[in-house]
Amino acid sequence: MILTGSEIESQVAQGRIIIDPFQPEQLNPNSYNFRLGNVLKVYSEAVLDVRKPNPVQTVYLPEDGMVLQPDRIYLGSTVEVMGSDHYVPIIRARSGVARLGLFIHITADLIDIGSVNQWTLQLHAVQPLRIYPGMLLGQVTFWRTEGPVTLYSGKYQGSMGPQESAIHLDFDKSPREAMAGL
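The structure displayed is predicted, hence computed values, not measured ones. (Residues numbered from 1 in each chain as written. Predicted model: local features only at pLDDT ≥ 70, side-chain atom pairs only at ≥ 80, totals over all residues. Heavy atoms only, no water.)

1. Here's the deal with the overall build of the protein chain
On a plain count of helices and strands, the protein chain comes out with 3 helices and 11 strands. Expected size for 182 residues packed as a compact globule is a radius of gyration near 16 Å; at 17 Å, the protein chain falls within 12% of this value. In terms of overall dimensions, the protein chain has a C-alpha envelope of 45 × 45 × 25 Å along the principal axes. Counting only residues that meet the buried cut, the protein chain has 43% of its 182 residues in that class. In the protein chain, 73% of the contacts between residues at least 6 apart in sequence involve partners at least 24 apart. With an accessible surface of roughly 9,800 Å², the protein chain has 54% of that area assigned to carbon and sulfur atoms. The protein chain carries 14 positive and 18 negative side-chain charges, and their two centres are separated by 3 Å. (Helix = DSSP H or I, 4+ residues; strand = E, 2+ residues; numbered from the N terminus. Rg over C-alpha atoms; globule rule 2.2 N^0.38 Å. Buried < 20%, exposed > 50% of the residue type's maximum accessible area, 1.4 Å probe, protein only. Contact = heavy atoms within 4.5 Å. Areas by Shrake-Rupley, 256 points an atom, 1.4 Å probe, with all protein chains shown as cover. Lys, Arg positive; Asp, Glu negative; His and termini not counted. Charge placed at Lys NZ, Arg CZ, Asp CG, Glu CD.)

Structure below.
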């Protein structure tokens, strides 16, 4: 079951959902709008390898914006630190940026329960598109769980700013550890 905007606000006030900073004007009927941070990371190599760390370039978004190019993945992050030990967050692009051809999560829209941090966004524009730091970029919804809860404690927990892939760490683990994100 999805939480309404007023219930999101209530759960933030009770400390059961973390959104920091929280701005009531960013509430929607059943979601909360989040903003884009001012740092992007871009992979430097033409061919990426899942078994090793891949080098990235760090780019600071200027106030007058930056044009995203098609066929590139840009890693950004939310301004807000968000998460919950009680609800499952799911992120999506705001419809206005989606209508301009910007994907913000490239299939990674489900945030694990217990993951609390600035969330890394995988930005992909289908055509050149100028973006700006601090812009309202996406929405988060919060969903009730059913059954016993195991909180996320994986490799991205507590991260601040965009985080490049750490999938290479999974190759040194058992399949069960890798699937659990440990």
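2. Quick word on the side chain of threonine 78
Looking at the secondary structure, you find threonine 78 in strand β6 (residues 74–83). Reaching out from threonine 78, the side chain makes a polar contact with the backbone oxygen of glutamate 80 at a distance of 2.6 Å. Beyond its immediate sequence surroundings of up to four residues, threonine 78 is in contact with Phe34, Arg35, Gly37, Gln118, Trp119 and Leu121. (Polar contact = N/O pair within 3.5 Å; in protein donor to acceptor, adjacent residues only side chain to side chain.)

3. Focus on helix α1 (residues 5–13)
Burial in α1 covers these residues: Gly5, Ile8, Gln11 and Val12. Viewed end-on, α1 has its buried residues packed into an arc of 120°, placing them on one side of the element. Along α1, exposed side chains directed more than 90 degrees from the buried face belong to Ser6 and Ala13. Summarising the contacts, the buried residues of α1 are in contact with β1 (18–20), β2 (32–35), β7 (87–93) and β11 (136–144). In the segment just after α1, glycine 15 is the residue with positive phi, at about 80°. (Arc of directions from axis to C-beta.)

4. Observations concerning the packing of aromatic side chains
Following the criterion strictly, the structure yields 1 aromatic pair and no others. Where phenylalanine 22 meets tyrosine 32, the ring centres are 5.3 Å apart and the plane angle is 20°; that geometry is what we call stacked. With phenylalanine 22 in the loop between β1 and β2 and tyrosine 32 in strand β2, this pair connects stretches of sequence that are 10 residues apart. (Phe/Tyr/Trp six-rings, centres within 6.5 Å; stacked < 30°, edge-to-face > 60°.)

5. Structural notes on the pairing of strand β9 (residues 117–125)
β9 sits mainly inside the fold: 9 of its 9 residues count as buried. Direction of pairing for β6 relative to β9: antiparallel, over a ladder of 6 bridges. In the strand pairing of β9, tyrosine 74 is matched with leucine 123. The pairing of strand β8 (residues 102–103) with β9 spans 2 bridges and is classified as antiparallel. (Pairing = 2+ DSSP bridges.)

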